[in-house]
Amino acid sequence: MGKRKKKKEQASYEMDESMDIEDDEDGGGKKSKKKIFIIVMIMLGLTVAVIAFMLVTREKNIVVDAYVSGEETVDSLTTLVGERKMKEELAYEVDGISKKEYVYEADDQTEADLEEYTAYLVEERDFTKLEANMENQPEEVLSYEAYAIAAAQKGYVFEVEIISQEDQFSIAVSTHEGKDPKAKEEEKQREFTRNDAKTHFENFLTEHGNLPKPLESYSLIFDVGQTTINGEICYGITVYEAGVDNCNTFVEKYYMSLKDRNIYLYDNVTRTSALVESQTPAGNQSKVPEEGSVTVGAEAESKDKNAVEDAKERKDTENQKDQKDQKNTKD
């Protein structure tokens, strides 16, 4: 009896101990699962935070409403053409001038985007395109353009620079001391007097003209006032051949632009003007010849000569007809 009771108590003790062990195992499993759950939630939260940060940063980079330099501001490229991927926004100084530069990734739309933006600067904001010097640019720069307008502060200008590379382009703005570019252009045009134009035109006739007689045999008569040809302010110059009894014979009519010294040949029959010489430096041409015009150059030189010769033949025919009519009248 005593032995049976002792065995029963021992079995009960072993059962209780087994149950305690199971409870410990179950408790440990629950704690382990809880730790894994917490780690997963933390990782998920960090992932969401990173994605949100990237989205906010991306949105901030693309949407730049305006480029600002001090008190001066101009609409941004993306305001005109829509969202574009910006790589970075820089601020630095060059020769004491503070600049802000907005760097974008280049793509298939870049060329069209920049054409639209420069048109906006010139046509809507009245910026003036400056003469660009590529010699001062790094080798990786493919093209460089600069535009400026008088700033609100007297004696200062607001400048916009556009720098293009193979895989990116940037737009930099700055405000610095300088003369109003519009005033400079007007001054330059005023300085190009009729005497200057006459000398320049005589050199043109000597080098490119097809006049059959020496230059001394002709008279150059300037129009009263100025004329706009292809968007350029020009002097009108008519070439006459000196005749007897002060009777000069019309030869050709030209126009010369005051700014770029471009020369246009006027056709009395079609009443159109053709660009026959451009003084704009290579790589910096901003003028587009009007429809049907002929540009002198290595590839078009023969066409230019033909155009001048055809015009001269028409003038000779008209002159012969006029002389014949005058003779018949005298008879």
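None of the values given here were measured: they were computed from a predicted structure.

Remarks on a nonpolar patch on the surface
Consideration 1: Together, Phe37, Ile38, Met41, Ile42, Leu44, Leu46 and Val48 make up a nonpolar patch on the protein surface, roughly 700 Å² of accessible area in all.
Consideration 2: Mapped onto the elements, Phe37 comes out in helix 1 (residues 2–62).
Consideration 3: Residue classification places Phe37 among the exposed residues on the basis of a relative accessible area of 55%.

Focus: the environment of Leu130
Consideration 1: Take Leu130: it is sitting in the loop between strand 5 (128–129) and strand 6 (143–150).
Consideration 2: Exposure remark for Leu130: the relative accessible area of 26% places this residue in the partly exposed category.
Consideration 3: On a C-alpha basis, the gap between Leu130 and Glu145 in space is 7.4 Å, while along the polypeptide they are 15 residues apart.
Consideration 4: When residues no more than four places from it in sequence are discounted, the contact partners of Leu130 are Ala146, Tyr147, Ala148, Glu159 and Pro181.

Some thoughts on helix 3 (residues 110–124)
Consideration 1: Taking 1.5 Å of rise per residue, 15 residues should cover 21 Å, and helix 3 covers 20 Å from first to last C-alpha, within 8% of that figure.
Consideration 2: Along helix 3, the residues classified as buried are Thr110, Asp113, Leu114, Tyr117, Thr118, Tyr120 and Leu121. Projected onto a plane normal to the axis of helix 3, the buried residues spread over an arc of 150° and lie on a single side. Exposed residues on helix 3 whose side chains face more than 90 degrees from its buried face are Glu111, Glu115, Glu123 and Glu124.
Consideration 3: Asp126 sits one or two residues past helix 3 and shows a positive phi near 65°.

Details of the packing of aromatic side chains
Consideration 1: By the definition in use, this model includes 12 aromatic pairs.
Consideration 2: Note on Tyr67 and Tyr117: the rings are 6.3 Å apart at their centroids and 75° apart in plane angle, and the pair reads as edge-to-face. Of this pair, Tyr67 sits in strand 1 (residues 66–69) while Tyr117 sits in helix 3, placing them 50 residues apart in sequence. We note that Tyr67, like Tyr117, is buried.
Consideration 3: Grouping aromatic residues by their ring pairs yields a cluster made of Tyr67, Tyr102, Tyr117 and Tyr120.

Side note on the sheet that holds strand 5
Consideration 1: The sheet built from six strands is open, its strands ordered 3-4-8-7-6-5 with antiparallel pairing. Edge strands, defined here as strands with exactly one partner in the open sheet, are strand 3 (86–94) and strand 5.
Consideration 2: Here eight bridges tie strand 3 to strand 4 (residues 97–105), and the two strands are oriented antiparallel to one another. Residue pairing across strands places Tyr92 opposite Lys99, the latter belonging to strand 4.
Consideration 3: In the packing of helix 3 onto the sheet, the strands contacted are strand 4, strand 6, strand 7 (156–164) and strand 8 (168–177), and the crossing angle to strand 7 comes to about 165°.

What counts, and where the lines are drawn
- Residues numbered from 1 in each chain as written.
- Predicted model: local features only at pLDDT ≥ 70, side-chain atom pairs only at ≥ 80, totals over all residues.
- Heavy atoms only, no water.
- Patch = residues over 30% accessible without salt bridge, like charges linked within 9 Å, V, L, I, M, F, W, Y side chains within 5 Å.
- Areas by Shrake-Rupley, 256 points an atom, 1.4 Å probe, with all protein chains shown as cover.
- Salt bridge = Lys/Arg side-chain N within 4 Å of Asp/Glu carboxyl O.
- Helix = DSSP H or I, 4+ residues; strand = E, 2+ residues; numbered from the N terminus.
- Buried < 20%, exposed > 50% of the residue type's maximum accessible area, 1.4 Å probe, protein only.
- Contact = heavy atoms within 4.5 Å.
- Expected span 1.5 Å × (residues − 1).
- Arc of directions from axis to C-beta.
- Phe/Tyr/Trp six-rings, centres within 6.5 Å; stacked < 30°, edge-to-face > 60°.
- Pairing = 2+ DSSP bridges.
- Axes fitted to C-alpha atoms, helices over the stretch in contact; angles between N-to-C directions.

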